[in-house]
Amino acid sequence: MNSILEKYNAVNTFGKLIGLKLRVIEPGHVEYKMTITEDHLSNPFAAHGGAVSAMMDGILGVAALSLAVEEKKLVSTVEFKINYFAPVEKGDQLVGRGKVIFKGNRLFSSEGKIYCSNKDESLVCSGIGTFNSYPAEKNEIFGKSV
């Protein structure tokens, strides 16, 4: 894994808090896993949409980041949209995959899907996002990695 991605994974305390596990399949294509715990629930029966949304933002953004780092760039979210198709329950094991579908000079667009691996890979949600890329040296944490 690229040193910027390794550093991102190490300093992403929010990702650790919600239990995200990253795997870069190839630049521009990533997979995140997360098991739904009691901390993710909005009621006794279902996960909060924000927990799933946070996972989607990570999937889309890190797909873009995994490609941007090849040019010594970082990314920030401009916008993203999510469509929910099924509720998620405590104990569900989510697998999300994201892929860059557009790469410009400054903007990237990624699409992603989250599945419930313990429920026959049923589709939980899909999303699409746009990300701004900028030189890593502009960030004091990551600029030292380039």
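All values derive from a computational prediction rather than experimental measurement.

Draft legend 1. Layout of the environment of M55. Relative to the helices and strands, M55 resides in helix α3 (residues 49-68). Residue class for M55 comes out buried when judged on its relative accessible area of 0%. A sequence separation of 40 residues divides M55 from V95, and the C-alpha atoms of the two residues are 9.6 Å apart. Contact partners of M55, with chain neighbours within four places excluded, come to I18, L20, Y32, K33, M34, L94, V95, G96 and I114.

Draft legend 2. Molecular detail of the nonpolar core. Ranked by size, the top nonpolar core spans 36 residues in total, and within it M55, L94, F108, I114 and V124 carry the most contacts. Every element with two or more residues in this core is listed here: α1 (3-11), β2 (29-35), α3, β3 (73-84), β4 (93-103), β5 (107-116) and β6 (122-135). With 12 residues, the top contributor of residues to this core is α3. If we skip the residues at most four places from it in the chain, F108 touches A64, L67, A68, V75, V100, F102, K103, G129, T130, F131 and S133.

Draft legend 3. Summary view of the layout of surface pockets. In this structure, the largest pocket encloses a volume near 330 Å³. Every residue lining the largest pocket is counted, 19 residues in all, and those nearest its centre are Y8, G61, V62, L65 and V75. Elements that contribute at least two residues to the lining of the largest pocket include exactly α2 (13-18), α3, β3 and β6. It is α3 that provides the largest number of residues to the lining of the largest pocket, a total of 6 residues. Split into classes, the residues belonging to the lining of the largest pocket amount to 11 nonpolar, 7 polar and 1 charged.

Draft legend 4. Representation of the pattern of salt bridges within the structure. Under the definition given, this model contains 7 salt bridges. Ionic pairing is found between E38 and K90, a salt bridge with its closest N-O pair at 3.5 Å. Of this pair, E38 sits in the loop between β2 and α3 while K90 sits in the loop between β3 and β4; the two residues are 52 residues apart in sequence, bridging distant segments of the chain. Note on accessibility: E38 and K90 belong to one class, exposed. Notably, a salt bridge pairs E71 with K73, separated by 3.8 Å at the nearest N-O pair.

What counts, and at which threshold
- Residues numbered from 1 in each chain as written.
- Predicted model: local features only at pLDDT ≥ 70, side-chain atom pairs only at ≥ 80, totals over all residues.
- Heavy atoms only, no water.
- Helix = DSSP H or I, 4+ residues; strand = E, 2+ residues; numbered from the N terminus.
- Buried < 20%, exposed > 50% of the residue type's maximum accessible area, 1.4 Å probe, protein only.
- Contact = heavy atoms within 4.5 Å.
- Core = buried A, V, L, I, M, F, W, Y, C linked by side-chain atoms within 4.5 Å.
- 1 Å grid on protein atoms, 1.4 Å probe; cavity = no way out; pocket = protein on both sides within 12 Å on 5 of 7 lines; lining within 4 Å.
- Points joined across faces, edges and corners; volume = space filled by probe spheres on them.
- Nonpolar A, V, L, I, M, F, W, Y, C, P; charged D, E, K, R; others polar.
- Salt bridge = Lys/Arg side-chain N within 4 Å of Asp/Glu carboxyl O.

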